[in-house]
Amino acid sequence: MSNSLHFFTPSNLTAPKQYLPKPSYNRWFPEYDTPPSQSFLSDSSSIDVDAVTEVELKENGFRSTRRTKMVCTIGPATCGFEELEALAVGGMNVARLNMCHGTREWHKRVIERVRRLNEEKGFAVAIMMDTEGSEIHMGDLGGASSAKAEDDEIWTFSVRAFDLPRPERTINVNYDGFAEDVKVGDELLVDGGMVRFDVIEKIGPDVKCRCTDPGLMLPRANLTFWRDGSLVRERNAMLPTISSKDWLDIDFGIAEGVDFIAISFVKSSEVINHLKSYIAARSRDSDIAVIAKIESIDSLKNLEEIIQASDGAMVARGDLGAQIPLEQVPSAQQKIVQICRQLNKPVIVASQLLESMIEYPTPTRAEVADVSEAVRQRADALMLSGESAMGQYPDKALAVLRSVSVRIEKWWREEKRYEAMELPAVGSSFSDSISEEICSSAAKMANNLGVDALFVYTKTGYMASLLSRCRPDCPIFAFTSTKSVRRRLNLQWGLIPFRVSFSDDMESNLNKTFSLLKARGMIKSGDLVIAVSDMLQSIQVMNVP
Ligand SMILES: Nc1ncnc2c1ncn2[C@@H]1O[C@H](COP(=O)(O)OP(=O)(O)O)[C@@H](O)[C@H]1O
Ligand SMILES: C=C(OP(=O)(O)O)C(=O)O
Ligand SMILES: [K+]
Ligand SMILES: [Mg+2]
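What counts and what doesn't
One numbering rule holds for all chains: residues counted from 1, following each sequence as written. Chains carry letters from A onward and ligands carry numbers from 1 onward, assigned in written order. With pLDDT at 70 or above as the cut-off, local features in this predicted model cover only qualifying residues; side-chain atom pairs require 80 or more to be listed or tallied, and sums for whole chains, interfaces and linings still use all residues. Values reported for side chains reflect all heavy atoms of the structure, with hydrogen atoms and water molecules removed beforehand. Residues are labelled near a given molecule or strand when at least one of their non-hydrogen atoms is within 4 Å of it. Contacts described as polar in this section are N or O atom pairs within 3.5 Å, which, within protein, must combine one atom able to donate a hydrogen with one able to accept it, while residues neighboring in sequence count only if both atoms come from side chains. Exposure was quantified through the Shrake-Rupley algorithm and a 1.4 Å probe, taking into account, for residues, occlusion by the shown protein chains and nothing else. Elements are defined by DSSP. Helices are runs of H or I of four residues or more, strands are runs of E of two residues or more, and each kind is numbered from the N terminus. Confidence scores labelled pLDDT are given residue by residue by the predictor and lie between 0 and 100. The contact criterion used throughout is that any non-hydrogen atoms of two residues lie within 4.5 Å. Counted as donors are N, O and S atoms no farther than 2.8 Å from the metal, or 3.2 Å for Na, K and Ca; water is not among the atoms, and sites may therefore look incomplete. Only protein chains enter the accessibility calculation, which uses a 1.4 Å probe. A residue is then buried if its area is under 20% of the maximum for its type, exposed if over 50%, and partly exposed in between. Here the nonpolar group is Ala, Val, Leu, Ile, Met, Phe, Trp, Tyr, Cys and Pro; Asp, Glu, Lys and Arg are the charged ones; every other residue, Gly included, is treated as polar. Paired strands, in this sense, are two strands between which DSSP finds at least two bridges. For helices, the fitted axis covers only the stretch in contact; all axes are lines through C-alpha atoms, and the angles between them, taken along N-to-C directions, range from 0 to 180 degrees. Only the six-membered ring of Trp is used, alongside the rings of Phe and Tyr, when aromatic pairs are assigned; centres must lie within 6.5 Å, and planes under 30 degrees apart are stacked while those over 60 apart are edge-to-face, with the rest tilted. Ring-over charges, as used throughout, are those where CZ of Arg or NZ of Lys falls within 6 Å of the ring centre and within 35 degrees of the ring normal.

**Here we look at the site of ligand 2**
Around ligand 2, the structure places R96, N98, K293, E295, M314, A316, R317, G318, D319, S351 and M383. For ligand 2, an oxygen atom lies 2.8 Å from a polar atom in the backbone of G318. In this structure, D319 approaches ligand 2 through a side-chain N or O atom, which is 2.8 Å from an oxygen atom. For ligand 2, whose unbound accessible area comes to 290 Å², protein coverage reaches 85%. Of all elements in the fold, only β4 (94-98), β17 (312-316) and α11 (317-323) reach the threshold of two or more residues within the shell around ligand 2. With three residues, the top contributor of residues to the shell around ligand 2 is α11.

Shown next as structure tokens:
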């Protein structure tokens, strides 16, 4: 059975495509026992599918496959091949490298391991490089894992570099103008208020401070200072969003072919546009996506233009919570997630999701509620930071994200709890508008007809993102012909990306993918599927033969 609706654009009106040729399945029938590594040869009869997704699909069935994607920050706890593999098995879709920490050599080795994992074990883990940015932070504590400040203690914050061992109660600050900028009487906050000091005296490059709220300070913790109840940010506004060290890291990221570059402390859309042209001029395929981190007051002011210019955004609650009152972070998160959805950009909710799991094997009830809320908001992805980078239980933390996601997504579908979100038109051309209409109609049909899966054939990934944006009840199988597009689609809600070569002939594409997926036990005869593509603007409803 096959029903199709066609929407002709001016271009395909003049050259209508031959449609509905006779199906021929056997040609495409793959070997059952091809190990993932061998299916990576880009011959036309192979399909690349994430080994973990395949297992999840078979275990949970179509409908209960996880829709929310997972990003893990890689650090000392997870940089080894086996630890990376454990995260990949646990469902990590994107590995994040935070350039605040470690050397380029260290990051290069991690990238190589992730690549090897993908090649040898059939994963499609994407890589995100996150810039350091030029905000003020402490030094690395000379190798110590933390420093404890007690009430009333006097500590020295200084721009001087110290010889090791680090003098007692002394903290190095990365920013040369620090001692000039602070004033006696300012309040100095470490990591958004985890530890607080009053500035009591300035002696040349040294700033003496009295601890007013004791606590643990971690290496390279963020520093902000407050005067008369407001954040002092004049100087920060003058620092470049992308520092000279960041540009070197970006060159490194381009050379390594990372999939995403996340930019810290974005203030306006200009820097995003600049970086995008920089990347386009330097990387041949220019398929590195740029993610804007929303973590400053300025980024909140220019939210829409920043998100519009970017390929995605991150709600970076760590620094955001240091710049705006904590009680405003949840509404900012809700707003950022909503704008991203409306502008069709993937959004990551980050920082402290399962903070207690850095030390403990189970999360707090409040953390589970926080993760649930992000899933309920239908964010594209959740991110682990310290939990996976340096925590005791990275795999357990990932398992919590996974199980909470699957549970909340199911609850949402069963209870139909979604408020219908108004999705404004995002495209600029008539053809784009048609694609949007096709995707929203296909998603609606999929919900109303209770289909098993949406199939989308997409060269650039755009059509897949439009379907994802509708957050349909069924999973979306996204077929694309390049590895890089497939890895990038990994960040988007509900997409199960496959790499497969296909032609302009939809009927043969469908037959080919049906038989490839049937052979792997991922679909079966009789399953109801709705298919769309960006080559032929049509919606087809069909049972798998
Ligand atoms: N590449 C790395 N090398 C060493 N430690 C790291 C690395 N990446 C992350 N970490 C550790 O994990 C913690 C949490 O990571 P993240 O949230 O990305 O950084 P930050 O705390 O600087 O915002 C860091 O504070 C640091 O202790
Ligand atoms: C993710 C964040 O950025 P970073 O870890 O680089 O400070 C954050 O501030 O929440
Ligand atoms: K960073
Ligand atoms: Mg940050």
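**Remarks on the confidence of the model for the protein chain**
Averaged over all residues, the pLDDT of the protein chain is 87; the fraction at 70 or higher stands at 88%. Here residues 5-43 scores under 50 on pLDDT; set against residues more than four positions off or in separate chains, the count is 71 contacts. This complex was scored by the predictor with a pTM of 0.88 and an ipTM of 0.99.

**A word on the coordination of the magnesium ion (ligand 4)**
The coordination sphere of the magnesium ion (ligand 4) contains the protein donors E295 (OE) and D319 (OD), at a distance range of 1.9 to 2.1 Å. Separating the magnesium ion (ligand 4) from the potassium ion (ligand 3) is a distance of 5.4 Å. Of this pair, E295 sits in the loop between β16 (289-294) and α9 (297-301) while D319 sits in helix α11; the two residues are 24 residues apart in sequence, bridging distant segments of the chain. Accessibility classification places E295 together with D319 in one group, the buried group.

**Points about the site of ligand 1**
Taken together, the neighbourhood of ligand 1 is formed by 13 residues, with R96, N98, H101, W106 and S385 sitting nearest. Within the side chain of N98, one N or O atom sits 2.8 Å away from an oxygen atom of ligand 1. Separating an oxygen atom of ligand 1 from a side-chain N or O atom of H101 is a distance of 2.7 Å. The residue inventory of the shell around ligand 1, partitioned by class, reads five nonpolar, seven polar and one charged.

**Looking at the sheet that holds strand β15 (residues 260-263)**
Strand order in this closed barrel of eight strands is β3-β4-β5-β15-β16-β17-β18-β19, and the pairing throughout is parallel. Sheet twist, expressed as the average angle between the axes of neighbouring strands with direction ignored, equals 25°. Here four bridges tie β15 to β16, and the two strands are oriented parallel to one another. Looking across to β16, one finds that F260 is bridged to A289. Each of β5 (126-130) and β15 touches helix α7 (residues 244-256); the most contacted strand, β5, lies at about 170° to it. Where helix α15 (residues 394-415) meets the sheet, it contacts β3 (69-73) and β19 (381-384), and its direction lies at approximately 160° from that of β19.

**So, the coordination of the potassium ion (ligand 3)**
Within the protein, the atoms that donate to the potassium ion (ligand 3) are N98 (OD1), D130 (OD) and T131 (O), at distances of 2.7 to 3.0 Å. Coordination of the potassium ion (ligand 3) draws on donor residues from a single chain, spaced N-x31-D-T in sequence.

**Examining the packing of aromatic side chains**
Overall, the coordinates contain ten aromatic pairs when judged by the stated rule. Centre to centre, the rings of F455 and F477 are 5.3 Å apart; their planes meet at 10°, and the pair counts as stacked. One end of the pair, F455, is in strand β20 (residues 453-457); the other, F477, is in strand β21 (residues 476-480), with 22 residues separating them in the sequence. Put simply, the rings of F455, Y457, F477, F479, F498, F502 and F514 touch in pairs and so form one group of aromatic residues. Taking NZ or CZ as reference, R116 lies 4.1 Å from the ring centre of F81, over its face. Cation over ring: R282 sits above Y278, and NZ or CZ is 3.7 Å from the ring centre.

**Details of the sheet that holds strand β9 (residues 187-190)**
Overall, mixed pairing links the seven strands, which are arranged β8-β7-β11-β10-β9-β13-β14 in an open sheet. Whereas interior strands pair on both sides, the edge strands pair on one side only; in this sheet they are β8 (170-172) and β14 (230-231). Two strands pair when backbone bridges link them, and β9 and strand β13 (residues 223-227) are joined in this way by four bridges, in the antiparallel orientation. Bridge assignment links L189 to a residue of β13, and that residue is T224.

**A closer look at the environment of R341**
With respect to the helices, strands and loops of the structure, R341 is situated in helix α12 (residues 329-342). It is 8.2 Å that separates the C-alpha atoms of R341 and A379, two residues lying 38 residues apart in sequence. If near-sequence neighbours (up to four positions away) are discounted, R341 is found in contact with M421, L423, R469, C470 and R471. A polar atom in the side chain of R341 sits 2.6 Å from the backbone oxygen of R469.

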